[in-house]
Amino acid sequence: MIPFNRPSVTALERRYVAEALSAGNLSGDGPFTRKAVRLLRRVTGIASPMLLTTSCTHALEMSARLLKLQPGDEVILPSYTFVSTANAVLQCGAVPVFADIDPRTMNLDASKLEELITGRTRAVYVVHYAGVPCEMDTVMDIARRHALPVVEDAAQAVGSHYKNRSAGSIGDYGCFSFHETKNYTMGEGGALILNRSESLREAEIIREKGTDRSRFVRGEVDKYTWQQPGSSYLPSDVLAATLCGQLERFDEIMESRMRVWNAYHEGFQQLEKAGKARRPFIPDDVGHNAHLYYLLLENRKVRDRLIEDLRRRGVQACFHYVALHTSPQGLSLGCRPGTLPVTEDCAERLLRLPLYCGMREKETAQVIQSVTECL
Ligand SMILES: *Cc1c(COP(=O)(O)O)cnc(C)c1O
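Below is a summary of the structure that appears in this document. (Residues numbered from 1 in each chain as written. Predicted model: local features only at pLDDT ≥ 70, side-chain atom pairs only at ≥ 80, totals over all residues. Heavy atoms only, no water.)

### Description of the overall build of the chain
No. 1: Along the backbone of the chain there are 14 helices and 13 strands.
No. 2: Taking 21 Å as the expected radius of gyration for a compact globule of 375 residues, we find that the chain reaches 21 Å, a close match to that expectation.
No. 3: By its C-alpha atoms, the chain is 70 × 55 × 35 Å across when sized along the principal axes.
No. 4: Sorting the 375 residues of the chain into buried and exposed places 57% on the buried side.
No. 5: In the chain, the proportion of contacts linking residues at least 24 apart, taken out of those at least 6 apart, comes to 69%.
No. 6: With an accessible surface of roughly 16,000 Å², the chain has 51% of that area assigned to carbon and sulfur atoms.
No. 7: Separation between the mean location of the 46 positive side-chain charges and that of the 45 negative ones in the chain comes to 3 Å. (Helix = DSSP H or I, 4+ residues; strand = E, 2+ residues; numbered from the N terminus. Rg over C-alpha atoms; globule rule 2.2 N^0.38 Å. Buried < 20%, exposed > 50% of the residue type's maximum accessible area, 1.4 Å probe, protein only. Contact = heavy atoms within 4.5 Å. Areas by Shrake-Rupley, 256 points an atom, 1.4 Å probe, with all protein chains shown as cover. Lys, Arg positive; Asp, Glu negative; His and termini not counted. Charge placed at Lys NZ, Arg CZ, Asp CG, Glu CD.)

So this is what it looks like as structure tokens:
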């Protein structure tokens, strides 16, 4: 079976983890955490403060807390996203207002953003689907005119660029994921990027159970105390050690994934010409990170049958998000199917193909051939 995803772990990650275990610093913010942040800064070129977190879900939660979202506030976000984007909003009692997507990129349709803004709107959360950054200039322009902060859910976009700026560095906050299924992994983990650096101190407190322990560790205060409500969002240094290995292999991992992505893109050209499948669209001004490769098929029936046919041929292909506004939780918030036609249509037709670092040419060729024959 060609799996959908396979984490790429080498002797380097194993050595760092062994070092972290031997050093005896198993809790958070140890030497490997500091090293991981330095590496992340280097590979992304992001100068803003960054905090390593236990997940992107938690980085998103931190951003919602830092924005002081309150019950009754409205937050605009795409319906085509992972549940974590919406959970962050709900957790503060705020109301998610789902936006439709641009069918070319599966990202929030910036041309439909302004009409969703009301007197209660407090923030905009955007998602860079498949590691392809969304139309940030338009989003930022609209948000700034309405004095709304923007959070980038850049879970999939570590190493991606929009007009030469790193994904995650453009909005007020950026959130990365280092989950096993993402390009660079520590098993479970993430990072919060604070492009509004004045919120760094509060972010550190929220991340350390509501205490100023981070300042204490740096020797800035002689004891640490409870400052405000908080939680525990710092990952173990053992996990950070894994991430250090991954980020030292940044180029190798990116290049390996890119080879697979490019082979798919070329291999499916004919299918697109024949009208059998639509390939991902990459706008001219973005640099993507080969996070995932998808095809948009004719309809749900064709997509579901293809998943089944590929499985029989030893290829694990997957659908992706069920539109949040049509999910049980979305319905219980009063959302209705039929309100976001592009999201509903594309979500049913999208198929993701195997893509991982170290995937062999032979395997890629087998996927291309299987898809082509099945269609
Ligand atoms: C993976 C993902 C998340 C969640 O990341 P975790 O690190 O698993 O919490 C959030 N948003 C998007 C768009 C994702 O793809």
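And the narrative resumes.
### Some remarks on the sheet that holds strand E1 (residues 50-53)
No. 1: One open sheet holds the seven strands; their spatial order is E1-E9-E8-E5-E4-E2-E3, and the pairing between them is mixed. The two strands at the open ends of the sheet, each matched to only one other strand, are E1 and strand E3 (95-99). Between one strand axis and the next, the sheet turns by 20° as a mean value, whatever way the strands run.
No. 2: Note: E1 against strand E9 (residues 190-194), four bridges, orientation antiparallel. Looking at the pairing, Leu51 lines up with Leu192 of E9. (Pairing = 2+ DSSP bridges. Axes fitted to C-alpha atoms, helices over the stretch in contact; angles between N-to-C directions.)

### Some details on the pattern of salt bridges
No. 1: Under the defined criterion, the tally for this structure stands at 32 salt bridges.
No. 2: Notably, a salt bridge pairs Arg144 with Asp172, separated by 3.4 Å at the nearest N-O pair. Linking Arg144 in helix H5 (residues 136-145) with Asp172 in the loop between strand E7 (165-166) and strand E8 (173-177), this pair joins segments that are 28 residues apart in sequence.
No. 3: Glu220 is the salt-bridge partner of Arg218, the closest N and O atoms lying 2.7 Å from each other.
No. 4: For Glu220, a relative accessible area of 39% gives the class partly exposed.
No. 5: Through salt bridges with shared partners, one network takes in Glu204, Arg215, Arg218 and Glu220. (Salt bridge = Lys/Arg side-chain N within 4 Å of Asp/Glu carboxyl O.)

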